[in-house]
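# Per-entry structural report
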Amino acid sequence: MSSTGGSRRHSNKTTPGSSKRNSNIVNIEGEEEEDHDYQIHSHQTPDPLLSENPLPGLKRHDSLDMESAKIQGHHGHHGTKDWGVILRLAFQSIGVVYGDIGTSPLYVFSSTFTNGIKHEDDILGVLSLIFYTITLIPVIKYVMIVLHANDNGDGGTFALYSKLCRNAKVGLLPSAQAEDREVSNFELELPGNANTISSRVKKSLENSELAKYCLLFGAMLGTSMVIGDGILTPSISVLSAVSGLKEATDSMTEGRIVVVSVIILIILFMVQRYGTDRVGYSFAPIICVWFALISGIGVFNFFKFDPSVAKALNPKYIVDYFKRNNKDAWISLGGVVLAITGTEAMFADLGHFTVKSIQISMGCVVYPALITAYSGQASWLRKHQNDVADTFYKSAPDALYWPVFVVAVMAAIIASQAMISGTFSIIKQSLSLGCFPRVSVIHTSDKYEGQVFIPEMNYLLMIGCVLVTVTFRTTENIGHAYGIAVIFAETLTSSFMVVIMLVIWKTNALLVLLFVLVISSTEYIYLSSVLYKFGEGGYLPFSFAVVLMFIMCTWNYVYRAKYNFELDNKVSREVIKEIVTDTSISHMGGLAIFYSELAHGIPPIFKHYIENVPALHSVLVFVSIKSLPVSRVAPEERFLFRRVKPNDLYVFRCVVRYGYTDVRNEKESFEKILIERLKEFVESDYGVLEERQQGRVSDEDVVKLDQAWRSGVVHLVGEHEIVSRAGSSIGKKFLIDYAYNFMKKNLRQSYSVFEIPHKRMLKVGMTYEL
């Protein structure tokens, strides 16, 4: 990068001791044709980052890639073939992802047989249900299918929604540009690959406003349920582990167990600021010990008490179990489903790890440990049917009680980490897509971009966990709520997967039908069971979801209304030309940067500014911040420039594109990067048009930009007051005037995203009547 003083730079020149630099700048010609016609000017010069003999047509990189290549997360670690990295991430994932599902043996059998065991073969029926449920949903559905639906390495409900928005026109925000297709990981499908069913489904989605709203609503609801899961997981995991103290001493009452659990929960949330990277390395050895312990005890009990429980591999015992117990068997599914709690974390936390690392850790460690643990508990229960309420601790050998208790408490603490990390990830995704109020996102790892910490959500989760623990007090009560949050989130994921298999993967319709009949139908059966306990605590996750959905829907509604208002009232090129050439307006040196979210044209706040402050800087740059429905945008593809004609005006438009996992606080000044890329755009523009612009070179404009930069930069940020239009309905007035404005005033402001210096920032106030 050059200094602020600037030097004359050419894309096709070399300097001593350096290689030729290339530029990949997009120049969009024409206001009305911006969605149809665009040009990419690229100088074919050697680049040390590329091979010595690059093939024609390969994508070029500019000098910014030199810096970005130093960051391991630039292209993500998700596609790495380095087995050292994969195995290291697999080890980390054990501590972060599987604590929740790994601690399920603490309470599954006791939650299933709440009224005791009525027939000894019921144990075989429940064990068979557990075995096939774990095999079908965590292993077959998630490990073998859902993980492959990741969005360039990132998972979660919004990742699925983003893939659909890119491959079908189902997004509700009218900010799409033809140039977005040039982003390397946008993954637009080839026209010839569509089959009849895929085309029909895609066309139906694109032509139906109801379908578009349903998809967005489903993404928000899935996100809300995962957040609710993030509140309930710590509560039930820690409470169930600490309740083991009742086996050691009679003085440990229910009240004292609750107090100890609350203290542990508060400490857990306090360490989140240190990040997944450190927490994962700290927790992984403990969870490995936990899995070794429960599988070892399981094998011991299996051979000591009743090896014949291996007969549970025969699904006939499931049929017999339902024949004997009828409705009670169906109700007991609410306990069985707790065996797969935390499964959604495998997908939601994918941005922290890789597909291969998750698959390795699940197949080689977690799955075998869980099957042996449940088999051992079933063998023990065949001889101790009256002790089902305390299955876990009583099934452990007496000599191992304290080691088991200590590791169980530590594992329960760690179990909470999976959903907490997943909550942070999906909040960041929804934030970038305009579906959540702006909060502070802190990236906690220099190695991996996906690892984030959100202070505001961390405190809200902590408060929620403490309130749930104090209010419900027992794992049985929390379990009713927990099962609903778990299975509801999983059914929504399955629904999105069906659409993705049809529209994007173009899977054979028979295979999609098989997925629905086997996996989706199983999940709906479990969902019907947990809903039976709605009045006994099952209402809790729905209460969380209602609050979160109200926040997300309100924010997204006003966000879209505000964008449409700016789009309808944007300033035309003719008005810009009149303003810039108006002799009654004072002109001064320096460079002014106007920020907005409008990707199509110049926002109305500029005209409002001129009417109140009739003065213009020598160079004007209108910067539009745009989030693409893609996980990452490479730095060399981030900036799109247009020059407002005629060139003598020195007015530029710039669209800065980010993915929903991109870091927006650049290590280098955003202002400096913007100016450097603007210079490259000017040089590239004139380099292509040189034959038609004889006698004039880009040096004049580069010097002009440098002079303006040296004279000073002012950042103009719109301070919009959003109010409802006169005559609006009461509901609309409440959403805009009260709910939205309350959230906006109490959360992070947009200008803090780019760390704009306060001494050079000017807020321009304007009222938008929506």
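One numbering rule holds for all chains: residues counted from 1, following each sequence as written. Since the coordinates come from a predicted model, pLDDT governs what is reported: local features require at least 70, and pairs of side-chain atoms require 80 or more to be given and counted, while whole-chain, interface and lining totals use all residues. For side-chain calculations, the full set of non-hydrogen atoms in the structure is used, while hydrogens and water are omitted.

Applicable threshold: UniProt positions are given in the numbering used here, feature names are shortened, and annotations may be inferred rather than shown by experiment.
In the annotation of an unreviewed UniProt entry, the entry for the chain reads Potassium transporter, and the organism field reads Lactuca virosa. Heading Function (unreviewed entry) of the UniProt record for the chain holds this comment: "Potassium transporter." The UniProt entry for the chain carries the following text under Sequence similarities (unreviewed entry): "Belongs to the HAK/KUP transporter (TC 2.A.72.3) family."

## As for the overall build of the chain
Basically, it comes down to this: Put simply, DSSP marks the helices as runs of H or I at least four residues long and the strands as runs of E at least two long, and each gets a number from the N terminus on. For each residue, the accessible area found with a 1.4 Å probe, counting protein chains only, is set against the maximum for its type, and the residue is called buried under 20%, exposed over 50%, and partly exposed in between. By the convention used here, residues are in contact when the closest approach between their heavy atoms is within 4.5 Å. Only the protein chains shown count as cover for residues, with accessible areas throughout obtained via the Shrake-Rupley method and a probe of 1.4 Å.
Per the secondary structure count, the chain includes 25 helices and ten strands. Taken over 770 residues, the chain has a buried fraction of 59%. Here the analysis covers contacts within the chain between residues at least 6 apart in sequence; of these, 83% occur between residues at least 24 apart. Of the roughly 30,800 Å² that the chain leaves accessible, carbon and sulfur atoms contribute 58%.

## Looking at helix α18 (residues 475–503)
What counts is decided by this rule: What a helix is expected to span follows from its residue count: subtract one and scale by 1.5 Å. What the bend at a residue measures is the angle between two axes, fitted to the seven residues ending there and to the seven starting there.
With 29 residues, α18 extends 41 Å from end C-alpha to end C-alpha; this agrees with the ideal 42 Å at 1.5 Å per step. Largest kink in α18: about 25 degrees, centred on Ala481. Within α18, 25 of the 29 residues are buried, which leaves the element mostly enclosed by the surrounding structure.

## Points about the nonpolar core
For clarity, the threshold we go by: We define the nonpolar core as a collection of buried residues of types Ala, Val, Leu, Ile, Met, Phe, Trp, Tyr and Cys that are connected through side-chain atoms lying within 4.5 Å of one another.
Of all hydrophobic cores here, the largest spans 170 residues; its most connected members are Tyr98, Ile130, Leu232, Trp290, Phe291, Tyr374 and Tyr393. Broken down by element, this core gets its largest block of residues, 18 residues, from α18. Non-local contacts of Tyr393, meaning those with residues more than four positions away in its chain, are made with Leu106, Ser240, Ala241, Gly244, Glu247, Tyr401, Val404, Phe405 and Ala408. Core analysis: the second largest hydrophobic core is formed by 32 residues, Ala561, Phe594, Ile602 and Ile722 among them.

## Description of the UniProt feature "transmembrane region" (unreviewed entry) in the chain
Mapped onto this numbering, the UniProt entry annotates "transmembrane region" (unreviewed entry) at residues 252–271, 283–303, 329–348, 360–380, 400–420, 481–503, 510–527 and 539–559. Structurally, residues 360–380 comprises 100% helix and 0% strand, and the distance from its first C-alpha atom to its last is 30 Å. Segment residues 510–527 splits into 100% helix and 0% strand. End C-alpha atoms: 24 Å apart.

## A few points about the pairing of strand β9 (residues 713–723)
Cut-off, in case you're wondering: One requirement defines pairing of two strands: DSSP has to find at least two bridges between them.
Most of β9 sits inside the fold, with eight of its eleven residues counted as buried. Two elements, strand β5 (residues 586–596) and β9, share five bridges in a ladder whose sense is parallel. Looking across to β9, one finds that Tyr595 is bridged to Val717. Pairing between β9 and strand β10 (residues 761–769): nine bridges, direction parallel.

## Re the packing of α18 against helix α20 (residues 539–568)
Using the following cut-off: Every angle, taken between N-to-C directions, lies between 0 and 180 degrees, and every axis is a line fitted to C-alpha atoms, over only the stretch in contact when it is a helix. Roughly parallel refers to an angle under 35 degrees, roughly antiparallel to one over 145, roughly perpendicular to one between 65 and 115, and oblique to any angle outside these ranges.
In contact at an axis separation of 6 Å, α18 and α20 are set at 55 degrees when each is read in the N-to-C sense. Between α18 and α20, the angle falls in the class oblique. Counted together, Ala481, Ile484, Ala485 and Phe488 of α18 and Leu540, Pro541 and Phe542 of α20 form the full contact between these two elements.

## Side note on the side chain of Glu523
Examined against the element boundaries, Glu523 turns out to sit in helix α19 (residues 509–531). Glu523 has contacts with Ile137, Lys141, Ile487, Glu490, Thr491 and Ser494, leaving out every residue within four places of it along the chain.

## As for a nonpolar patch on the surface
This is how the line gets drawn: Patch definition: residues above 30% relative accessible area lacking any salt bridge, with like charges linked at up to 9 Å and the nonpolar side chains Val, Leu, Ile, Met, Phe, Trp and Tyr linked at up to 5 Å. When a carboxyl oxygen of Asp or Glu is within 4 Å of a side-chain nitrogen of Lys or Arg, the pair counts as a salt bridge.
Taken together, Leu510, Leu511, Leu513, Leu514, Leu517 and Val518 make up a surface patch of nonpolar side chains, about 590 Å² in accessible area. In this fold, Leu517 is placed in helix α19.

## Concerning the confidence of the model for the chain
So the rule is basically this: Note on scores: pLDDT gives the predictor's confidence for each residue, bounded by 0 and 100.
For the chain, the mean per-residue pLDDT works out to 78, and 80% of the residues sit at or above 70. Of all helices and strands in the chain, the one with the weakest mean pLDDT is helix α1 (residues 64–68) (28), whereas helix α5 (residues 121–143) scores best (95). Overall, residues 1–76 carries pLDDT values under 50, and its contacts beyond four positions in sequence, including any with other chains, amount to 170 contacts. Here residues 688–696 is modelled with pLDDT under 50, and outside its nearest four sequence neighbours on either side it reaches six contacts, counting other chains as well.

## So, unusual backbone geometry
Its identity as a non-glycine residue notwithstanding, Asn326 has a phi of 50 degrees, on the positive side. Here Asn326 lies in the loop between α11 (316–325) and α12 (327–336). Asn326 gets classed as exposed once you look at its relative accessible area, which sits at 52%. Even without glycine at this site, Lys506 takes up a positive phi of about 55 degrees.

## Some words on the packing of aromatic side chains
How we decide: Note on ring pairs: Phe, Tyr and Trp rings are taken, using the six-membered ring of Trp, and paired if centres are within 6.5 Å. Classes follow the plane angle, with under 30 degrees stacked, over 60 edge-to-face and the rest tilted. Criterion for a charge above a ring: Arg CZ or Lys NZ at most 6 Å from the ring centre, at most 35 degrees from the ring normal.
Summed over the entire model, instances satisfying the criterion amount to 27 aromatic pairs. Measuring from centroid to centroid gives 5.5 Å for Trp290 and Phe392, while their planes differ by 35 degrees, and the two rings are tilted. You can see Trp290 sitting in helix α10 (residues 275–304) and its partner Phe392 sitting in helix α15 (residues 391–395), a full 102 residues away along the chain. By way of ring pairs, the aromatic residues Trp290, Phe392, Tyr393, Tyr401, Trp402 and Phe405 are connected into one cluster. Its end group placed over the ring of Tyr650, Arg643 keeps NZ or CZ at 5.1 Å from the ring centre. Against the face of Tyr650 rests Lys704, its NZ or CZ located 5.1 Å from the ring centre.

## Let's talk about the pattern of salt bridges
Enumeration according to the criterion identifies 16 salt bridges in this entry. Between Arg166 and Asp151 there is a salt bridge whose closest N-O contact spans 2.9 Å. Pair noted here: Arg166 is in helix α6 (residues 157–167) and Asp151 is in the loop between α5 and α6, with a separation of 15 residues, a long-range link. Of the residues examined, Arg166 reaches a relative accessible area of 4% and is grouped as buried. Because the salt bridges share partners, they merge into one network encompassing Asp121, Asp306 and Arg382.

## Things to note about the state of the cysteines
Cut-off, in case you're wondering: The criterion for a disulfide is a pair of cysteine sulfur atoms lying within 2.5 Å.
Summed over all chains, the structure comprises zero disulfides. Not engaged in a disulfide, the cysteine Cys165 finds its nearest cysteine sulfur in Cys435; these two sulfurs lie 8.8 Å apart.

## Some thoughts on the environment of Ala149
Relative to the helices and strands, Ala149 is located in the loop between α5 and α6. Distance from Ala149 to Ala159, taken between C-alpha atoms, is 8.5 Å for residues ten residues apart in sequence. Excluding residues that lie within four positions of it along the chain, Ala149 makes contacts with Leu160, Lys163, Phe347, Met497 and Trp505.

## Side note on the environment of Glu769
In this fold, Glu769 is placed in strand β10. We classify Glu769 as partly exposed; its relative accessible area is 43%. In the structure, Glu769 is positioned 45 residues away from Ser724 in sequence and 5.4 Å away in space, judged by C-alpha atoms. Residue contacts for Glu769: discarding those within four places in its chain leaves Phe565, Val723 and Arg725.

## As for the packing of α5 against α11
The condition that has to hold: Should the near helix be turned counterclockwise from the far one by less than a right angle, the crossing is left-handed, whereas a clockwise turn marks it as right-handed. Residues are grouped as follows: Ala, Val, Leu, Ile, Met, Phe, Trp, Tyr, Cys and Pro are nonpolar; Asp, Glu, Lys and Arg are charged; all remaining types, including Gly, are polar.
With their axes 8 Å apart at the nearest point, α5 and α11 run at an angle of 125 degrees to one another. Taken together, the axes of α5 and α11 are oblique relative to one another. Note that α5 runs across α11; the crossing there is left-handed. Residues Asp121, Asp122, Leu124, Gly125, Val126, Ser128, Leu129 and Tyr132 of α5 form the contact with α11, whose own contacting residues are Tyr317, Ile318, Tyr321, Phe322, Arg324 and Asn325. Across the contact of α5 with α11, the residue classes tally to eight nonpolar, three polar and three charged.

## Overview of the environment of Val764
Here Val764 lies in strand β10. The sequence separation of Val764 and Tyr609 amounts to 155 residues, and the corresponding C-alpha distance is 6.7 Å. Apart from the residues lying within four places of it in its own chain, the contact partners of Val764 are Ile605, His608, Tyr609, Leu716, Val717, Gly718 and Glu719.

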